[in-house]
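Residue strings, one per chain:
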Amino acid sequence: MNDDSSTDPVLVHVEPVPGGLYGDQPYEAALSDLRSAVTEVAAALRVADGPRAVQLTRYQRDLGRAQLLLRPDDTAALERAHALYRTVRRYLAGGAA
């Protein structure tokens, strides 16, 4: 087989889209926000106790659920994901949630 053969596998000629399947789209941004918040909550939970640990555990559960429900074509879910991310970040920074 040579490079110009019509029997070459098609996948050899396919190049991946930069940034992934949904690169540079709201879905990827929302998913990235959720993953970032999950990481930050997990780190905060290591040293938290009492009411703060309870709230962080709730946020951890909510973030996990938001990741499962996130779909590229569901703009409401994307907005909720960003809102949850902002809420968690404010809480971690010491502001009111």
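Below you will find a few notes about this structure.

Thresholds, definitions, all that
Residues numbered from 1 in each chain as written. Predicted model: local features only at pLDDT ≥ 70, side-chain atom pairs only at ≥ 80, totals over all residues. Heavy atoms only, no water. Helix = DSSP H or I, 4+ residues; strand = E, 2+ residues; numbered from the N terminus. Buried < 20%, exposed > 50% of the residue type's maximum accessible area, 1.4 Å probe, protein only. Contact = heavy atoms within 4.5 Å. Areas by Shrake-Rupley, 256 points an atom, 1.4 Å probe, with all protein chains shown as cover. Salt bridge = Lys/Arg side-chain N within 4 Å of Asp/Glu carboxyl O. Axes fitted to C-alpha atoms, helices over the stretch in contact; angles between N-to-C directions. Parallel < 35°, antiparallel > 145°, perpendicular 65-115°, else oblique. Left-handed = near helix turned anticlockwise from the far one by under 90°. Nonpolar A, V, L, I, M, F, W, Y, C, P; charged D, E, K, R; others polar.

### A look at the overall build of the protein chain
Piece 1. In terms of regular secondary structure, the protein chain is built from three helices and zero strands.
Piece 2. Counting over 97 residues, the protein chain shows a buried share of 26%.
Piece 3. Within the protein chain, contacts between residues separated by at least 24 positions form 61% of all contacts whose residues are at least 6 apart in sequence.
Piece 4. Roughly 6800 Å² of accessible area belongs to the protein chain as shown, and the carbon and sulfur atoms make up 54% of that amount.

### Quick word on the environment of Leu34
Piece 1. Structurally, Leu34 can be placed in helix α1 (residues 26–45).
Piece 2. Distance in space between the C-alpha atoms of Leu34 and Leu84 is 8.1 Å, their sequence separation being 50 residues.
Piece 3. Ignoring anything within four residues of it in the chain, the contact list for Leu34 reads Leu63, Ala66, Gln67, Leu70, Ala81 and Leu84.

### Looking at the pattern of salt bridges
Piece 1. Summed over all chains, the structure comprises three salt bridges.
Piece 2. If you follow the salt bridges from partner to partner, you end up with Arg61, Asp62 and Arg65 in one network.

### What about the packing of α1 against helix α2 (residues 50–69)?
Piece 1. Closest axis-to-axis distance for the α1/α2 pair is 10 Å, and the angle between their directions is 155°. The angle between the axes of α1 and α2 places the two elements in the roughly antiparallel class. Note on packing geometry: the crossing formed by α1 with α2 is left-handed. Together, Leu31, Leu34, Arg35, Ala37, Val38, Val41, Ala42, Ala44 and Leu45 of α1 and Ala53, Leu56, Thr57, Tyr59, Gln60, Leu63, Ala66 and Gln67 of α2 make up the contact between the two elements.
Piece 2. Here the contact of α1 with α2 is built from residues that sort into 13 nonpolar, three polar and one charged.

Honestly, it's all geometry; don't read function into it.
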